[in-house]
Amino acid sequence: MAERSQTELPDYLKARDGRLAIDGVDALKLASEYGTPLYVFSEKRIVENTRALRQAVERIHPRVKLCYAAKANSNMAVLAAVLRAGGDIEVNSGGELFKAKKAGFRPDQIVFNGVSKTDDEIRDAIHYGVLATNVDSLYELDQIARVARAESLRANIAIRIVPEIVTRSHIGLQTGLLSSKFGLSPSLLEEAFNRALAARDAVNLAGVHIHVGSQTPDPQPYARAFAEMWRLLTDLNEKTGHRLTHINIGGGLPIDYLPDTAMVEEIGDRERNMLSARLDAGEVIAAALKEAVEADEKGLIEGLTVVMEPGRRIIGDAGLLLTRVCNTKERPETGDTWLLTDAGYSLMISMATYKWYYHLVSASRADMPHTAPYKVAGPLCDSGDVYFDLENGGRLPNYRLLPEGTDVGDVLALLNTGAYALDQASQYNGRPRPAVVMVKESGEVALTRRAETYEDLISFDRW
Ligand code: LLP
């Protein structure tokens, strides 16, 4: 890899014999054995990320639930690795709840979110006895109570709040705004608490929840969210004597998507700040607790569990996408050399929707300087299927820097594609979704999702 970027890459990626190695396993060998495109995950990295996060937070507050946001990547092998590493889980649908149960998460490890839950989903969550179903509206509060009563069971709930907290993330990733679709408005909270307490027979009001958004670059929104929830918790206790048992501060811890300083110059300020954020989870919680919990005469902090819902921070930098250059062309008019790969936005949709930056390196020529500019694009039949900002918004660099001479047959690696890529992948353009492999802690390579076939493309259709 170019010297400039070498120290910045996750330490499970190294150049070995001139080729990229993932936890010591040759990327080119993986590409020829399993084909490209290919999602590759490092089990070691998932485990390290999960443990590091838990330790950082537990140093500040001993009672923590680290509910991995399954939407970031719900491959069963990923869920199993998170569970083994001591993670809990957040689910956002009946399907994710099903997967969490299959992976072996206990009820008290599961938080269930969602803006539009069905009776069936709620019933499943109540029967399993999850830690909390997070309530997204007054309507849903009544719905949960109704479903619980019909089953003669009691649902654990937390109220999801939107406190109008702005972050410096992408607007599509901000969820603490009154203009967003999430959670209960501040003016309706008293009513929600009263209704929940009146429905004691059917619901156990256990906590409050705020998720300010994803890839949140600064600690302040978390501190504000925590302070807001602490205020509600103490108010409620004062007025009714009711004691909440958890505060859920949501997900959103960022990862650094910009390891290569040469690229940074080309990306607009706003995107740069967001994409290169580094935020220590321990510091976030420390700042939040310090600000909020000044006078705690009743000792409400004792017995309080802090719930977090990290997705990206656990899986984002533990995965990469290998892709092969299948075609190349010169444009004498613009002086550009194009490289056409086999990985389009159908495998990393955020690159198209949010113009998300995934750093690209050569796996075939890993130790060569990455200094030659190329226009890079995927195989789909859209002009928008390019690795730059077609709309010229300055959100992605116009060129990708790769080794001189990069050509058809070379394998490239899109880094930090562990989160929100595989789960959002589609078969667009009749392209079977690729295989997924995981380099296990033992060093073995496990196929954790088989490649789809052409037959798979038609297997759900009826005609
Ligand atoms: N908790 C809740 C309630 C969430 O909605 C999310 C993410 C998380 C936790 C996890 O956030 P994280 O720690 O991963 O930042 N499709 C988008 C990402 C959407 C994130 C949605 N919610 C993308 O492609 O980037």
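Residues numbered from 1 in each chain as written. Predicted model: local features only at pLDDT ≥ 70, side-chain atom pairs only at ≥ 80, totals over all residues. Heavy atoms only, no water.

## Here's the deal with the nonpolar core
Ranked by size, the top nonpolar core spans 116 residues in total, and within it Phe 226 and Trp 230 carry the most contacts. Ranked by the residues each element gives to this core, the list is headed by helix H9 (residues 220-240), at eight residues. Counting residues domain by domain, this core receives three or more from each of domain 1 (6-42 + 316-457) and domain 2 (113-310). Once you skip the residues sitting within four places of it in the chain, Phe 226 turns out to touch Ile 247, Ile 249, Ala 288, Leu 289, Ala 292, Val 293 and Val 306. One finds Leu 9, Ile 22, Ala 435 and Val 437 within the second-largest nonpolar core, a separate group that totals 23 residues. (Core = buried A, V, L, I, M, F, W, Y, C linked by side-chain atoms within 4.5 Å. Buried < 20%, exposed > 50% of the residue type's maximum accessible area, 1.4 Å probe, protein only. Helix = DSSP H or I, 4+ residues; strand = E, 2+ residues; numbered from the N terminus. Domains from an automatic or database assignment. Contact = heavy atoms within 4.5 Å.)

## Digging into the site of the ligand
Taken together, 19 residues surround the ligand, and among them Ser 214, Gly 252, Glu 309, Ser 350 and Tyr 420 come closest. Interatomic distance of 2.6 Å between a side-chain N/O atom of Glu 309 and a nitrogen atom of the ligand. A distance of 2.5 Å separates an oxygen atom of the ligand from a polar side-chain atom of Ser 350. Its free accessible area being 590 Å², the ligand has 91% of it covered by the protein chains. When atoms are counted within 2 Å of each cavity's grid points, the one that captures over half of the ligand is the largest pocket. Residue composition of the shell around the ligand, grouped by class: five nonpolar, nine polar and five charged. (Near = heavy atom within 4 Å. Polar contact = N/O pair within 3.5 Å; in protein donor to acceptor, adjacent residues only side chain to side chain. Areas by Shrake-Rupley, 256 points an atom, 1.4 Å probe, with all protein chains shown as cover. 1 Å grid on protein atoms, 1.4 Å probe; cavity = no way out; pocket = protein on both sides within 12 Å on 5 of 7 lines; lining within 4 Å. Sits in = over half its atoms within 2 Å of the grid points. Nonpolar A, V, L, I, M, F, W, Y, C, P; charged D, E, K, R; others polar.)

## Section: the domain arrangement of the protein chain
Splitting the protein chain by domain gives domain 1 (6-42 + 316-457) and domain 2 (113-310). Relative to domain 2, the C-alpha centre of domain 1 lies at a distance of 34 Å. Contacts between the two partners involve 19 residues from domain 1, matched on the other side by 20 residues from domain 2. Summed over both partners, the interface of domain 1 with domain 2 comes to about 1700 Å²; 65% of that surface belongs to carbon and sulfur atoms. Inspection of the domain 1/domain 2 interface yields zero salt bridges. When grouped by side-chain class, the residues that make up the side of domain 1 that touches domain 2 number 10 nonpolar, five polar and four charged. (Buried area = accessible area lost by both parts, 1.4 Å probe. Salt bridge = Lys/Arg side-chain N within 4 Å of Asp/Glu carboxyl O.)

## Looking at the packing of aromatic side chains
Per the counting criterion, the structure on display carries four aromatic pairs. Here Tyr 257 and Trp 356 contribute two aromatic rings whose centre-to-centre distance is 5.3 Å and whose plane-to-plane angle is 90°, an arrangement assigned as edge-to-face. Pair noted here: Tyr 257 is in the loop between strand S11 (246-248) and helix H10 (261-264) and Trp 356 is in the loop between helix H14 (350-353) and strand S15 (360-362), with a separation of 99 residues, a long-range link. The pair formed by Tyr 257 and Trp 356 is uniform in burial state, with each residue classed as buried. Considering the side-chain rings of Tyr 345 and Tyr 428, the 6.2 Å spacing of their centres and the 20° angle between planes classify their relative orientation as stacked. With a gap of 83 residues between them, Tyr 345 in the loop between strand S14 (336-341) and H14 and Tyr 428 in the loop between strand S18 (411-414) and strand S19 (435-439) connect regions that are remote in the sequence. Lys 117 extends its terminal NZ or CZ atom over the ring of Phe 112, reaching a point 5.5 Å from the ring centre. Looking at Lys 375, its charged tip hangs above the ring of Phe 388, at a distance of 3.8 Å from the centre. (Phe/Tyr/Trp six-rings, centres within 6.5 Å; stacked < 30°, edge-to-face > 60°. Lys NZ or Arg CZ within 6 Å of the ring centre and 35° of its normal.)

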